[in-house]
Amino acid sequence: MRAYLWLIPLLPLLGVLINAWFGHRLPRRVSGAVACLVVFGSFVLGVAALIRLIGMPPGQRIIYHKLFPWISTGGFESAVALMYDPLSAVMVCVVTGVGFLIHVYSLGYMAHDPRYPRFFAYMNLFTFAMLMLVLADNFLLMFVGWEGVGLCSYLLIGFWFERKSASDAGMKAFIVNRVGDFGFLLGMMFIFAVFGSLRFHDVFKQVAADPATLTLTVTGICLLLFVGATGKSAQIPLYVWLPDAMEGPTPVSALIHAATMVTAGVYMVARCWIMFLNAPLALTVVACIGALTALFAATIALVQNDIKRVLAYSTISQLGYMFMACGAGVFAAGVFHLMTHAFFKALLFLGAGSVMHAMSDDTDIRRMGGLMKWLPVTGVTFWVGTLAISGIPPFSGFFSKDEIIWSSLAGPMGSWVFWVFGVVTAALTAFYMARLTFKVFHGQPRMSGEQKHHLHESPPSMAWVLILLAVGASLAGFLNIPPAIAHLLHLPERWTAAFTNFLEPSVGTHEQAVYLLEASVGGSQIGFAKLAHGLQHNAALEFGLMGITLALAAGAILTGRWMYVSRPGTGTALARKLPFLFRTLQNKYYLDEFYKAVIVRPGMALGNALWRGFDVLVIEGIVNGIAIATAIISRLFRVFQTGYVRNYAAGILAGAILIIWVLMR
Amino acid sequence: MTWLTFLIVSGIAVIFAGGLIFSRNAVHGAMCLVASFCAIATLFLLLSAEFIFVVQIAVYAGAIMVLFLFVMMLLNVQGQEGALAGRAPGQLLVALALGAALLGQAVWLVARGGEIISRPARIPAGFGSPEDIGTALFTRNLLPFEITSLVLLAAMAGAVVLARKAGLSPKPNGAPAGGKPE
Amino acid sequence: MIWNATVPFGAWAVLSGLLFTMGAAGFLVRRDPIVMFMCIELMLNAGNLLFVAAARYLGVVDGQVYVFFVMTVAAAEVAVGLAIIVAIFRRKTTIDVDEMSEMRG
């Protein structure tokens, strides 16, 4: 097992080297095939390792593999070491599995791009970095992957850098991510200062051993780490880069900005579950930010007209869900939603890509409509994605979203407030997805004659990927059937919450969470009385709440149908009736403008001041002063450079005489 | 080794060295230098350095000087140079001043030094023989000796590269006026 | 009788210094690079003479070994130096050192 764990990240790196060095000399077919095959190889290895992991007893499901010592200075040691536990396994399989499908899709989607090998080199590099992120057994190596995926995100958003908007979006993503990364970095230094190690195992063991005294410190660390997570996973207040990231090619949006990279923050929080459970305050912050982001992004998605932007805001909203689940102390629910989301959001993005492909790269849904007739495969699979994200059974989103909404109430840190946020967001999600799907695939065609003429279904490589992802999006939910439903249907024990049970060694059980939370507040004076209130076994309540959610989601979809198919124009009329609300949402609450006024402008002003004042006068003064002084002195000394050998010889001789004279004295 | 022989032989060496400096013709100068080298070789013999004596005659007065003469003939430059008249007239004064200073230092050093050895050491019978030199060369001084071979190799390669015509002649067809490259 | 007295080491040192000075002065005043080269050889020989004299007066043969090294280096130097002179002559058709002052500052 150990022997080939390192091959999982190495294979994509090999693909990078091949495509980066020889890509332009290889035929396109070979270049693309190499990129796909290496990711598929990693997927196979990942699944093999996963099977191996399942074969082990639950308590020991962890494989360490130290490759080589990396940094070793004084008291600081860090190794390039991999760790494969259930959480890593899930992430590896999602990253390589969905990643492979998206690579295959790209074969068709990018077929006409002149920078074909470069695209695949970047995609493979991204896969490598992401795998390092999820396989790392210490914070430092994880940070390497963390920065690596950020770099690839920047490179791929700006892939069509001839377009100014694309290169600007790339820079925006990079800079906003830097803010978050700074938090991560500080958190990491803090960890090292407190625990003297950056290995997950060492740090978590120390935290678990002494939860009561460490709470304050750990809260600080967790908040800093969460700043990193908000940057990478596009949460308030650092979410602004993700909608702009849609400037990149659509497979990139699907892979990086929906399925994998943006979930890195969720992964990191789940990885550090022990620390977060030891810091109830930080956990509350996580839950609040998650709940706010989920609702906030969902409201913006209601009125966007760009097909990819709707999906981008929906991604932000779903990531908010995941954080809400983590914040409620039920990390398994967050990771489960991460996995199902990877399937249906990749499916939705690739479907959007297929639509754009057919519409000659037009992304405005106001010019679409009735596309079901021309794009049946895309339409049907898109519907699967829509139903999944809306939480309609039996699609995967139902299971994961329901678990999150239930956890937000019944989790150790759950609350009715979070539940309300979750349910409202679920209804909004169902509505905007219905709006999007109905407007694109149903109703009257609104595109120009030119576009209509070119409408065509995508090539088989793309269509098959959509079908496979649709199967995944439909069935993935059955991995984790909630105990209440399983009990009702008399399902065998091993079908019940299989995913959660598998993940528990990595992210803890309910009992462990309660124990850590109680220990960290030193008794129960603040009051985690409800921690043990047994809400999580109240099946009747669970079914009732599930019914409310379902009814709201179904109602939202039907409302969407009524508004955009039966009575087109209702939406516009509504917008005219509520102009203020509509304009606020359309302009995304003016947050970009706010950032521009509060951060970008003063930053530019400061930069300009430093440039004109400090840089030009002081730095350039010093640099130029040195140059001028050198020139003056040189002018003095060049007199000696007569070019005549005899003068030089006389100089040498005079020097010799001088030296002898000094020695003689 | 008496003053008489020393003064005679060293006188010859100095006189011919002067001939080198003052002769207008480079070939004459070279012949003077050969004579001076021979005198110095004789001094080596007086200092019981038989092997060095032979090498001095064979390598210096022989091989190296032949090389000089060969180049002179190759370039065939007429001795039109005024012996002591450079374009910088002050140069002669500078040379005289520096030379006087150097010589003065040497003399003063000798005159001042009380501990300077007044008579030759007692030496074994084979001192300065090829066997003696060889023992010293290949035992105590083996590393410098090996490095010497590298120096010679580098010099050989350098001379070949420098003298090659192709890389250096700026005008591929037509020799420069008055020049006889080969 | 003074003529039959043993020569002290100082005499050799002065002789060596004299030859060296003559070589140096020659190098400074001559303009023909070949002659300048020969002056360098003279200076090297002056050095050699001192080495050999010291070996004799101290009774250590290593001085003579150094002479051997000096000769080797001198041979190498002559080979390269003369090659340079030939190359320069090919380019400029003159070997007057005063003509070669392009490296003026």
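All of these numbers come straight from a predicted model, not from anything done at the bench. (Residues numbered from 1 in each chain as written. Chains lettered and ligands numbered in written order. Predicted model: local features only at pLDDT ≥ 70, side-chain atom pairs only at ≥ 80, totals over all residues.)

**Notes on the overall build of chain C**
What chain C contains, in helices and strands, is 3 helices and 0 strands. Shown N-terminal to C-terminal, the secondary structure of chain C runs as helices and strands in the order α-α-α. Counting all 105 residues of chain C, 57% fall into the buried class. Here the analysis covers contacts within chain C between residues at least 6 apart in sequence; of these, 46% occur between residues at least 24 apart. (Helix = DSSP H or I, 4+ residues; strand = E, 2+ residues; numbered from the N terminus. Buried ≥ 20, exposed ≤ 12 C-beta atoms within 10 Å, placed from the backbone. Contact = placed C-beta atoms within 7 Å.)

**Thoughts on the overall build of chain A**
Within chain A one finds 29 helices and 2 strands. The buried share of chain A, reckoned over its 665 residues, is 51%. Taking the contacts inside chain A whose residues are at least 6 apart along the sequence as the reference set, 79% of them involve residues at least 24 apart.

**Thoughts on the interface of chain C and chain A**
Across the contact, 10 residues belong to chain C and 10 residues belong to chain A. A breakdown of the residues in the side of chain C that touches chain A according to their chemical character gives 5 nonpolar, 2 polar and 3 charged. (Nonpolar A, V, L, I, M, F, W, Y, C, P; charged D, E, K, R; others polar.)

**Digging into the nonpolar core**
Counting 212 residues, the largest nonpolar core has A:F276, A:V335, A:A346 and A:L347 as its most contacted members. Here this core gets 18 residues from one element, more than from any other, and that element is helix 16 (residues 331-358) of chain A. Excluding residues that lie within four positions of it along the chain, A:V335 makes contacts with A:L87, A:V90, A:A270, A:L503 and A:V507. Formed by 82 residues, the second largest nonpolar core is a distinct cluster that contains B:V34, C:L82, C:I95 and C:V97. (Core = buried A, V, L, I, M, F, W, Y, C linked by C-beta atoms within 7 Å.)

**Re helix 2 (residues 33-58) of chain C**
Residue and element names in this part refer to chain C. Under the 1.5 Å per step criterion, the end-to-end length of helix 2 is 37 Å for 26 residues, consistent within 8% with the ideal 38 Å. By the criterion of burial, helix 2 is predominantly enclosed, with 21 of the 26 residues buried. A positive phi of about 70 degrees marks G59, the residue just after helix 2. (Expected span 1.5 Å × (residues − 1).)

**Quick notes on the interface of chain C and chain B**
Contact residues are listed per partner, giving 66 residues for chain C and 83 residues for chain B. Elements represented by at least two residues in the side of chain C that touches chain B include exactly helix 1 (9-29), helix 2 and helix 3 (62-92) of chain C.

**Topic: the packing of helix 17 (residues 376-390) of chain A against helix 21 (residues 460-475) of chain A**
Residue and element names in this part refer to chain A. Axis separation between helix 17 and helix 21 bottoms out at 9 Å; the angle between their running directions is 25 degrees. Regarding the angle of helix 17 to helix 21, the classification is roughly parallel. Helix 17 and helix 21 meet at a crossing whose hand is left-handed. Contacts between helix 17 and helix 21 involve V377, T378, T381, V384, G385 and A388 on the former and, on the latter, A463, L466, I467, A470, A473 and S474. (Axes fitted to C-alpha atoms, helices over the stretch in contact; angles between N-to-C directions. Parallel < 35°, antiparallel > 145°, perpendicular 65-115°, else oblique. Left-handed = near helix turned anticlockwise from the far one by under 90°.)

**So, the pairing of strand 1 (residues 63-73) of chain A**
All names here are of chain A. Here 9 bridges tie strand 1 to strand 2 (residues 76-84), and the two strands are oriented antiparallel to one another. Pairing of T73 across the sheet is with F76, part of strand 2. Between strand 1 and the antiparallel strand that follows it, strand 2, lie 2 residues; G74 among them carries a positive phi value of about 55 degrees. (Pairing = 2+ DSSP bridges.)

**Things to note about the confidence of the model for chain C**
Summing up the model confidence of chain C, the mean pLDDT is 86 and the portion of residues at 70 or higher is 96%. Across chain C, the element-wise mean pLDDT spans from 88 in helix 3 of chain C up to 91 in helix 2 of chain C. (pLDDT = per-residue confidence, 0-100.)

**Topic: unusual backbone geometry**
All names here are of chain A. With an omega of 5 degrees, the peptide bond between I236 and P237 qualifies as cis. Its place among the elements puts P237 in the loop between helix 9 (211-232) and helix 10 (241-244). A cis geometry characterises the amide bond from P393 onward to P394, with omega recorded as 5 degrees. Within the secondary structure layout, P394 lies in the loop between helix 17 and helix 18 (396-410). The backbone phi angle of D361 is positive, close to 65 degrees, even though this residue is not glycine. Non-glycine residue H490 carries a positive phi angle of around 55 degrees.

**Topic: the confidence of the model for chain A**
Averaged over all residues, the pLDDT of chain A is 87; the fraction at 70 or higher stands at 97%. Scored below 50 in pLDDT, residues 524-529 of chain A makes 6 contacts in the model with residues more than four places away or belonging to other chains.

**Considerations on the environment of A:V565**
All names here are of chain A. Examined against the element boundaries, V565 turns out to sit in helix 25 (residues 539-566). As for V565 and H442, which are separated by 123 residues in sequence, their C-alpha atoms are 6.9 Å apart. Once you skip the residues sitting within four places of it in the chain, V565 turns out to touch F438, H442 and G443.

**Here's the deal with the environment of C:F68**
Residue position: C:F68 is located in helix 3. Exposure remark for C:F68: the 21 C-beta atoms within 10 Å place this residue in the buried category. For C:F68 and C:N48, which are 20 residues apart along the polypeptide, the C-alpha to C-alpha distance reads 8.9 Å. Those residues in contact with C:F68 that lie beyond four places of it in its chain are B:I133 and B:L137.

**Some words on helix 25 of chain A**
For the α-helix, the turn length of 3.6 residues means that residues three or four positions removed from each other point alike. Residues and elements named next belong to chain A. In a regular helix each residue adds 1.5 Å, so 28 residues correspond to 40 Å; helix 25 covers 38 Å between its end C-alpha atoms and thus fits that length. Of the residues making up helix 25, those classed as buried are E542, T549, A553, A556, I557, G560, M563 and Y564. Considering only its buried residues, helix 25 is in contact with helix 17, helix 18, helix 19 (416-441), helix 22 (483-489) and helix 26 (570-577).

**Focus: the environment of A:L428**
All names here are of chain A. In this fold, L428 is placed in helix 19. What makes L428 buried here is the crowd of 23 C-beta atoms within 10 Å. Each C-alpha atom of the pair L428 and L302 lies 7.5 Å from the other, and the pair is 126 residues apart in sequence.

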